[in-house]
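Okay, here's what each chain looks like letter by letter:
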Amino acid sequence: MSELVVVFADEDARRAVQAMIKRGVGRCLSPFDARYLRHTGRDARVAQQPVEFLRESAALHATSRYLVLWDQQGSGRERQAPRDVEADVCRMLVGAGIAEANVAAIAFVPELEAVYGAAWDRVHGLLSELGKPADSVPFDGALPKESLDAARKRHGIKRLDPRLPEQLGERLPLGKLKSEPQSPLHRISQALQTWFPKATEQ
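Every value quoted in this text rests on a predicted model; they were computed, and no experiment measured them.

Draft legend 1. Up close: empty space enclosed by the protein. All chains considered together, the criterion is met by 1 cavity of 30 Å³ or more. Estimates place the volume of the largest cavity at around 40 Å³. In terms of lining, the largest cavity is formed by Phe-8, Ala-9, Asp-10, Ala-13, Asp-43, Leu-69, Trp-70, Asp-71 and Phe-108. Among the elements that make up the lining of the largest cavity, the one with the highest residue count is strand S3 (residues 65-71) (3 residues). Among the residues making up the lining of the largest cavity, the classes are represented as 6 nonpolar, no polar and 3 charged.

Draft legend 2. Molecular detail of the pairing of strand S1 (residues 4-8). With 5 of 5 residues buried, S1 lies mostly within the body of the structure. Neither face of S1 is open: one carries Leu-4, Val-6 and Phe-8, the other Val-5 and Val-7, and all of them are buried. Judged from the 5 bridges that link them, S1 and strand S2 (residues 34-38) form a sheet pairing that is parallel. Bridging from a neighbouring strand, Val-7 pairs with Leu-37 of S2. Running through helix H1 (residues 11-24), the crossover from S1 to the neighbouring parallel element S2 is right-handed.

Draft legend 3. Expanded view of the side chain of Ser-189. Structurally, Ser-189 can be placed in helix H9 (residues 184-195). A polar contact is formed between the side chain of Ser-189 and the side chain of Gln-193, at a distance of 2.8 Å.

Draft legend 4. Representation of the pattern of salt bridges within the structure. Applying the stated rule across the entire model yields 12 salt bridges. Arg-77 is the salt-bridge partner of Asp-88, the closest N and O atoms lying 2.7 Å from each other. One end of the pair, Asp-88, is in helix H4 (residues 82-95); the other, Arg-77, is in the loop between S3 and H4, with 11 residues separating them in the sequence. Accessibility expressed as a relative area gives 10% for Arg-77, which makes it buried.

Draft legend 5. Quick look at the sheet that holds S2. The 4 strands lie next to each other as S2-S1-S3-S4, forming an open sheet whose pairing is parallel. Single-partner strands in this sheet number two, and they are S2 and strand S4 (103-108). Averaged over neighbouring strand pairs, the angle between their axes works out to 15° when direction is ignored. Examined bridge by bridge, S1 and S3 share 4 bridges and lie parallel to one another. In the sheet register, Val-5 faces S3, and the bridge partner there is Tyr-66. Against the sheet, H9 touches S1, S3 and S4, its axis set at about 165° to S4.

Rules of the game
- Residues numbered from 1 in each chain as written.
- Predicted model: local features only at pLDDT ≥ 70, side-chain atom pairs only at ≥ 80, totals over all residues.
- Heavy atoms only, no water.
- 1 Å grid on protein atoms, 1.4 Å probe; cavity = no way out; pocket = protein on both sides within 12 Å on 5 of 7 lines; lining within 4 Å.
- Points joined across faces, edges and corners; volume = space filled by probe spheres on them.
- Helix = DSSP H or I, 4+ residues; strand = E, 2+ residues; numbered from the N terminus.
- Nonpolar A, V, L, I, M, F, W, Y, C, P; charged D, E, K, R; others polar.
- Buried < 20%, exposed > 50% of the residue type's maximum accessible area, 1.4 Å probe, protein only.
- Pairing = 2+ DSSP bridges.
- Right-handed = clockwise from strand over helix to strand, strands pointing away.
- Polar contact = N/O pair within 3.5 Å; in protein donor to acceptor, adjacent residues only side chain to side chain.
- Salt bridge = Lys/Arg side-chain N within 4 Å of Asp/Glu carboxyl O.
- Axes fitted to C-alpha atoms, helices over the stretch in contact; angles between N-to-C directions.
- Contact = heavy atoms within 4.5 Å.

What follows is the structure in structure tokens.
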């Protein structure tokens, strides 16, 4: 049984966010045992049937903490306010016996890639290292995935290169990415620090 279970809707998100979480251990978080799961049903299943997936994965335990993440775009619940969907996902887990204090359900609006806009210059710097130097492309907050894809192509990086999401998670400045109090990464950080606060040195 893991202390933390993190549910993702796709592999790119898992690689990026898992790398970010691991960076926090020892800095602002105490060590913890975590299980990172990717839902094969993608965003729609994560936002609509998270409990079923956790049961199928033998990952539903009353004392674990749960971080459930998905893109609002493609969730099938785009017409609902993101916070309403998040509250509904929390209710599903609470209904399955998980304490409300042990659940954080967070939607990336419209997609995970939106968080990269806060450090777009650093994204291009990293892409130059992984690929080839090139002029930057503008970031469009309404089309973040397309913006990252255009930047990737500009720098000559292959679409399925597994280094990219993991490198973004490992090397982008977390302070910038979570600087807005309502940003998904700030809220993820707050949940983790509540659950696994770093021990105060005596």
